[in-house]
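# A closer look at the structure
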Amino acid sequence: MGATPEHHTGGEDPNRRDFIHIAATVAAVGAVGGLAWPFIDQMNPAADTLALASVEFDLSKVELGQQVVIKWRGKPLFIRHRTGKEIAAAIKDDNAALRDPQTDEERHKAGKAEWLVLIGTCTHLGCVPTFGGGDFGGWFCPCHGSHYDTSGRIRKGPAPKNLAVPEYTFLSDSKVKVG
Amino acid sequence: MSGHSNYEPKSGFEKWLDVRLPIIRFGHDTIVDFPTPKNLNYWYTFGGILALCLGIQIVTGIILAMHYVAHVKFAFDSVEHIMRDVNYGWLIRYVHANGASMFFLAVYVHMFRGLYYGSYKAPREVLWLLGCVIYLLMIITAFMGYVLPWGQMSFHGAVVITNLIGAIPVIGQSITTWLWGGFAVDNPTLNRFFSLHYLLPFMIAGVVALHIWALHVPGNNNPTGVDVKSKEDTVPFHPYYTVKDGFAISVFLLMFAAFVFFNPNALGDAVNYVPANPLVTPAHIVPEWYLLPFYAILRAVPDKLMGVIFMGGAIAMLFLLPWLDTSKVRSMRYRPTARLYFFIFVVVTLVLGYCGGQLPDNKIIPGLTTFQVIDADLNSVVWLSRMATAYYFAYFLIILPVLGLTETPLPQPESISEPVLSHPANAPAGAAASPEKRG
């Protein structure tokens, strides 16, 4: 081994030493990075938290024109039984200047315009908006004054997004499963 | 810590220890024989008061942690258990809760003093930065501590503040979920806040040690802002300042005790005596008084992300201050124009604090309905917040940089001793001179 000249120059072998330094540094950074991940990831939702996925709800409990608030994944869930007037107002504003443009059609299940299922936290800073308030008759956030319309779309105030629609399915005409 | 040490170990044990771990020498050089400017006024005793505050918070906090349960089902009741059943639990909790307010009161005096006398200027920039780090850690610690009793204000305060992080584009929501440990503020959040609330004060203590180290290398600034020129300008820390600080601490403790014993809930919010309920938001969410100015800045901006940026920027200004103030003169005693703007700044921060405690649509002058200018109602808290926010940032970004270049400062004295010794009443006849005539 070592027939090439540079192998005979003893300590004068910068290339090989550099290689060892770089390789060792990369290995150390990789190891620290790899070891750090479990310590970061432990703060993400635990398995039992993720498992609390879905709730079923009987819609017949909600009177026309009312909403019921249930707790889902630690957050309030709004289930609103909209009147024809409220639906019409929402559809009429589909082409208004919306901050987070969405048509009313996109915010409920096909053919179920009277049922609105929304996550009840203001998209500004997470307060719970009050039912029926504000300039658009949908919801009003008392904390910093965000107004939502009867489709739960943001219309005025500091919130950047519409009230979120969770994943849900109709199990029957009067039963939904959220999550 | 720096320079020559006058410590002479006396007992056999001290001599033995001094060559192995010179910790007594270190203490002697730091708090006994440390040469300190002889003209420090009472604004300078708040450093000592702050050290005491940190000590009180750590001791009472360790005790409270022995009785508190960090679980959403038990947290609120465990605090009531401390108040009613634990021997002297009421006292220890009220000292801890009011201690946080006293801590912030003292740190604000300490910071405004630093602003006024230019304590952030060379060669004390690192000292100032470490102080800013301490202040930031204090805010985080106080916020997490406020969440622990799991009342309505605790819970919704935590919701609002953690939601601020969601304003970060793209990754904000993932980070928020990561911080929560779930889909909302819940038990995992409470648990980790408790863990961190216990940890951070010790980190504060560590940075305080660095802060004091960084103080003792260049030595104290002083009200004239003039460097120490000779031994004449200084006195040993002990007994001169230990006694002065001791007196100030006694007066401070009287006020502290007045709160704890006579009106312990004056600085808290009654809504926090309602157990947390994720389904109902209190009509008016407010932080503790010491964070109101930042809350007002957050609300002054009608956009979520920009509001968060402005609020963060308000604290970032403090970190940048040593490089924003261009004046060569340290103390505002010799900067009449800067002094005027400084006092306006003090008033503006108080106005912001007032605004943060009000509903945004409230009127400032109740009798007057509106004061309409174009499409802005200037008689509303939100517009007052906006104007105050504008001044807050202008002070750091415009006034201090420009003023340092344009202002003509008053003549400074040659030394710390000069204004005292040359005063006709203090000096021997014939030695009088008027400092303002020196150039």
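As a starting point, this report considers the structure included with it. Please read these numbers as outputs of a predicted model, since none were measured by experiment.

With that settled, the discussion passes to a nonpolar patch on the surface. All names here are of chain B. A cluster of nonpolar side chains, contributed by Phe13, Trp16, Leu21, Ile23, Ile24 and Phe26, occupies part of the molecular surface with about 620 Å² of accessible area. The set of elements that each furnish at least two residues to the nonpolar patch consists of α1 (12–18) and α2 (23–32). Sort the elements by how many residues they give to the nonpolar patch and α2 lands first, with three residues. Tracing the backbone shows Ile24 in helix α2.

Every contact between the two is made by 26 residues of chain A and, on the other side, 26 residues of chain B. Summed over both partners, the interface of chain A with chain B buries about 2,200 Å², with 66% contributed by carbon and sulfur atoms. Area buried by chain A at its contact with chain B is led by A:Met43, A:Leu125 and A:His144, which between them contribute 28% of it. Put simply, chain A and chain B have zero salt bridges between them. Inspection of the chain A/chain B interface yields eight residue pairs in polar contact (both at pLDDT 80 or more). Looking at the side of chain A that touches chain B, the elements that each hand over two or more residues are α2 (47–51), β2 (67–72) and β3 (75–81) of chain A. Of the residues forming the side of chain A that touches chain B, the biggest block, three residues, is contributed by β2(A). Across the side of chain A that touches chain B, the residue classes break down as 15 nonpolar, eight polar and three charged.

Here we come to the nonpolar core. Core analysis: the biggest nonpolar cluster contains 118 residues, and B:Phe104, B:Tyr135, B:Phe294, B:Tyr392, B:Tyr395 and B:Phe396 have the highest contact counts within it. No other element matches helix α5 (residues 89–117) of chain B, which puts 15 residues into this core. Once residues lying within four places of it in the same chain are set aside, the contact partners of B:Phe104 are B:Tyr135, B:Met138, B:Ile139, B:Ala142, B:Trp289 and B:Tyr290. Ranked by size, the runner-up nonpolar core spans 13 residues in total, among them A:Phe57, A:Leu59, A:Ile79 and A:Val117.

All names here are of chain B. Between its first and last C-alpha, helix α13 (residues 336–356) extends 31 Å over 21 residues, near the 30 Å set by a 1.5 Å rise per residue. Listed in full, the buried residues belonging to α13 are Ala338, Phe342, Phe345, Val348, Thr349, Leu352, Gly353, Cys355 and Gly356. Across the axial projection of α13, the buried residues extend over an arc of 155°, all falling on one side. Turned more than 90 degrees from where α13 packs its buried face, Leu340 and Leu350 sit exposed.

Here we take up the packing of α5(B) against helix α6 (residues 125–147) of chain B. Residue and element names in this part refer to chain B. Where α5 contacts α6, the two axes come as close as 12 Å, and the packing angle between them is 155°. If you check the angle between α5 and α6, you find them roughly antiparallel. Here α5 runs over α6; the crossing is left-handed. Facing α5, whose interface residues are Phe103, Phe104, Val107, Tyr108, Met111, Gly114 and Leu115, α6 presents Trp128, Tyr135, Met138, Ile139 and Ala142. A class-by-class count of the residues in the contact of α5 with α6 yields 11 nonpolar, one polar and no charged.

What follows is about the sheet that holds β2(A). Residue and element names in this part refer to chain A. With respect to topology, three strands assemble into an open sheet ordered β2-β3-β4, the strand pairing being antiparallel. Strands with a single pairing partner mark the edges of an open sheet, and in this sheet they are β2 and β4 (115–119). With strand direction ignored, the average angle separating the axes of adjacent strands in the sheet is 20°. Here β3 runs beside β4; their pairing, made up of five bridges, is antiparallel.

The next point concerns the sheet that holds strand β7 (residues 147–149) of chain A. All names here are of chain A. Across the sheet, four strands lie side by side as β5-β6-β7-β8; this open sheet has antiparallel pairing. Only two strands of the sheet have a single partner each, and these edge strands are β5 (130–131) and β8 (154–156). Pairing analysis gives three bridges linking strand β6 (residues 137–140) to β7, with the strands arranged antiparallel. By the bridge assignment for β7, Phe140 is matched with His147.

Residue and element names in this part refer to chain B. The sharpest bend along helix α12 (residues 304–324) comes to roughly 45°, located at Leu318, with the proline Pro322 sitting one to four residues further on. Considered for burial, the residues of α12 that qualify are Lys304, Gly307, Met311, Gly313, Ala314, Ile315, Met317, Leu318, Leu321, Pro322 and Leu324. Where α12 is buried, its residues touch α5, α6, α7 (152–165), α11 (292–300) and α14 (381–406). Where α12 begins, the capping side chain belongs to Asp303, and its oxygen is found 3.2 Å from the backbone nitrogen of Leu305.

The next subject is the layout of surface pockets. All names here are of chain B. Approximately 1,100 Å³ is the volume attributed to the largest pocket. Together, 45 residues line the largest pocket, and Gly47, His110, His211, Ile212 and Leu215 are the ones closest to its centre. Those elements giving two or more residues to the lining of the largest pocket turn out to be α2, α3 (46–65), α5, α6, α9 (187–216) and α10 (237–262). Among the residues making up the lining of the largest pocket, the classes are represented as 25 nonpolar, 16 polar and four charged. Quantified by volume, the second largest pocket comes out at close to 880 Å³. Lining of the second largest pocket is provided by 31 residues; of these, Ile139, Phe143, Ile161, Leu164 and Met311 occupy positions nearest its centre. Elements supplying a minimum of two residues to the lining of the second largest pocket: α6, α7, α9, α11 and α12.

Reading guide: rules and limits
Residues numbered from 1 in each chain as written. Chains lettered and ligands numbered in written order. Predicted model: local features only at pLDDT ≥ 70, side-chain atom pairs only at ≥ 80, totals over all residues. Heavy atoms only, no water. Patch = residues over 30% accessible without salt bridge, like charges linked within 9 Å, V, L, I, M, F, W, Y side chains within 5 Å. Areas by Shrake-Rupley, 256 points an atom, 1.4 Å probe, with all protein chains shown as cover. Salt bridge = Lys/Arg side-chain N within 4 Å of Asp/Glu carboxyl O. Helix = DSSP H or I, 4+ residues; strand = E, 2+ residues; numbered from the N terminus. Contact = heavy atoms within 4.5 Å. Buried area = accessible area lost by both parts, 1.4 Å probe. Polar contact = N/O pair within 3.5 Å; in protein donor to acceptor, adjacent residues only side chain to side chain. Nonpolar A, V, L, I, M, F, W, Y, C, P; charged D, E, K, R; others polar. Core = buried A, V, L, I, M, F, W, Y, C linked by side-chain atoms within 4.5 Å. Buried < 20%, exposed > 50% of the residue type's maximum accessible area, 1.4 Å probe, protein only. Expected span 1.5 Å × (residues − 1). Arc of directions from axis to C-beta. Axes fitted to C-alpha atoms, helices over the stretch in contact; angles between N-to-C directions. Parallel < 35°, antiparallel > 145°, perpendicular 65-115°, else oblique. Left-handed = near helix turned anticlockwise from the far one by under 90°. Pairing = 2+ DSSP bridges. Bend = angle between axes of the 7 residues up to and from the residue. 1 Å grid on protein atoms, 1.4 Å probe; cavity = no way out; pocket = protein on both sides within 12 Å on 5 of 7 lines; lining within 4 Å. Points joined across faces, edges and corners; volume = space filled by probe spheres on them.

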